[in-house]
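# What the coordinates show
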Amino acid sequence: MGDDLDYSWDAPSDAGADDAIGSVDLPPDLAGSTAVNGDAIALAFEHSLVQIRKLGQTTSPGAIFPILEGSLRSLRALLGNTPGSGRIRLLGVTARYAEYFGWMKQEAGNDAEALAWTARAVRLGKDCGSTDMHSHALVRQALIRLYLGDGPGTVSLALKAQADPHTPSRILGFAAMREAQGHALNRDYERFREAMTRARELLETNGNDPTDALYGPYTLDDPVRIAEGWSLYHLGRPADGARILAEELPHLPHFAARSYGRYATRCALQYVVCGELDRACEVIAELLPRITDVVSATILADLRELSRQLIRRREHSRVRELLPDLASAIHYQTNMIGTTSNE
């Protein structure tokens, strides 16, 4: 699962994906205006994607799919009616929508479609002359490998994403961060630390472009520190990882339920593993109500591991009290992902 996928715009992963970018006829007034206002339309879609991503933090991927499909239909129609620089910018923003669709497919538990949509984003990025989206898509592919537990694959893709020195520092920073997380899966602490240091240096040089929120996570005050806290679990340092994540959780914006669920679950898991059951139970008690409406395959994987670890420690009274609620959350996530992954 490297960079050798079919990047063609119309290469379907299934009929549903093909329908999502089917042909659309524009009304005459809109079709006539796009040649003049292509840049303005692209800017509007960029800002719209920022809002869609905020919505994606609070609900299931299935609720986002129709919005993204509609946007992609409109963008494809606009691309057919927009020449020059306006078309180039529209290709770029279409690539970003395709990439985010891939992320939502991953959250719905469909890794094959996630990779297919990310591949489309790569192709669109190349078509508009942008290597940025190509590098960013490699970062996304690295994240998919990370969640599949493939350390070498994660590192390989992350290094490819860093191959072009002209890539913006924000994307290079996230690529270095994924590289570090891959090294953590490989239990290589020295390389992990070196890549994390490089990631921090790159992200600290990042600019303040408001559309930066389209590349990488935007709900985290300190994504490098969060990634470090996440990765220390794989490096056999759960107490340090739990402490870092516990310090960072209060800084997440209130609407970021998906991000909170991901990192709070990993925080609780590390507290359990290092024997701090009371602290783990405190985190779980706050976590479960906040992810009631969020469906996430990545959160579910850690919820299942958290449940396995807690069952071994059910002699603890608070653990026994929380296990039924945790089982209900896992059951709900499993059923919802089974439904959404087929949409």
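See the structure shown above.
Here the structure is a predicted model, which is why all the values come from computation and not from measurement.

## Topic: the state of the cysteines
- In the structure shown here, the tally under the stated rule is zero disulfides.
- Note on Cys267: no disulfide assigned, nearest cysteine sulfur contributed by Cys274 at a separation of 9.2 Å.
- Given the relative accessible area of 27%, Cys274 is considered partly exposed.

## Thoughts on helix α4 (residues 84-107)
- Here α4 contains 24 residues, and its C-alpha end-to-end distance of 36 Å stays within 8% of the 34 Å for a straight helix at 1.5 Å per residue.
- When you tally the buried positions in α4, you get 19 out of 24 residues, the bulk of the element.
- Immediately downstream of α4, the backbone of Gly109 shows phi near 90°, a positive value.

## Here's the deal with the nonpolar core
- Counting 38 residues, the largest nonpolar core has Leu249, Tyr263, Ile284, Leu303, Leu306, Leu310 and Leu326 as its most contacted members.
- Among the elements of the structure, α10 (223-231), α11 (238-248), α12 (257-273), α13 (277-290), α14 (297-311) and α15 (317-340) are those that each provide at least two residues to this core.
- The element contributing the most residues to this core is α12, with nine residues.

## Points about the environment of Leu90
- With respect to the secondary-structure elements, Leu90 resides in helix α4.
- Each C-alpha atom, one on Leu90 and one on Leu75, is 7.2 Å from the other, the two residues being 15 residues apart in sequence.

## Some points on the pattern of salt bridges
- Inspection of every chain in the model, using the stated rule, returns 21 salt bridges.
- Note that Arg200 is salt-bridged to Asp222, the shortest N-O span being 3.0 Å. Pair noted here: Arg200 is in helix α9 (residues 189-204) and Asp222 is in the loop between α9 and α10, with a separation of 22 residues, a long-range link.
- Between Arg243 and Glu247 there is a salt bridge; the shortest N-O distance is 3.7 Å. Here Glu247 and Arg243 lie together in helix α11, a separation of four residues that amounts to about one turn.
- You can call Arg243 partly exposed: its relative accessible area is 40%.
- Among the charged side chains, a network of salt bridges with common partners joins Arg225, Arg243, Glu247 and Glu248.

What counts, and at which threshold
- Residues numbered from 1 in each chain as written.
- Predicted model: local features only at pLDDT ≥ 70, side-chain atom pairs only at ≥ 80, totals over all residues.
- Heavy atoms only, no water.
- Disulfide = S-S within 2.5 Å.
- Buried < 20%, exposed > 50% of the residue type's maximum accessible area, 1.4 Å probe, protein only.
- Helix = DSSP H or I, 4+ residues; strand = E, 2+ residues; numbered from the N terminus.
- Expected span 1.5 Å × (residues − 1).
- Core = buried A, V, L, I, M, F, W, Y, C linked by side-chain atoms within 4.5 Å.
- Salt bridge = Lys/Arg side-chain N within 4 Å of Asp/Glu carboxyl O.

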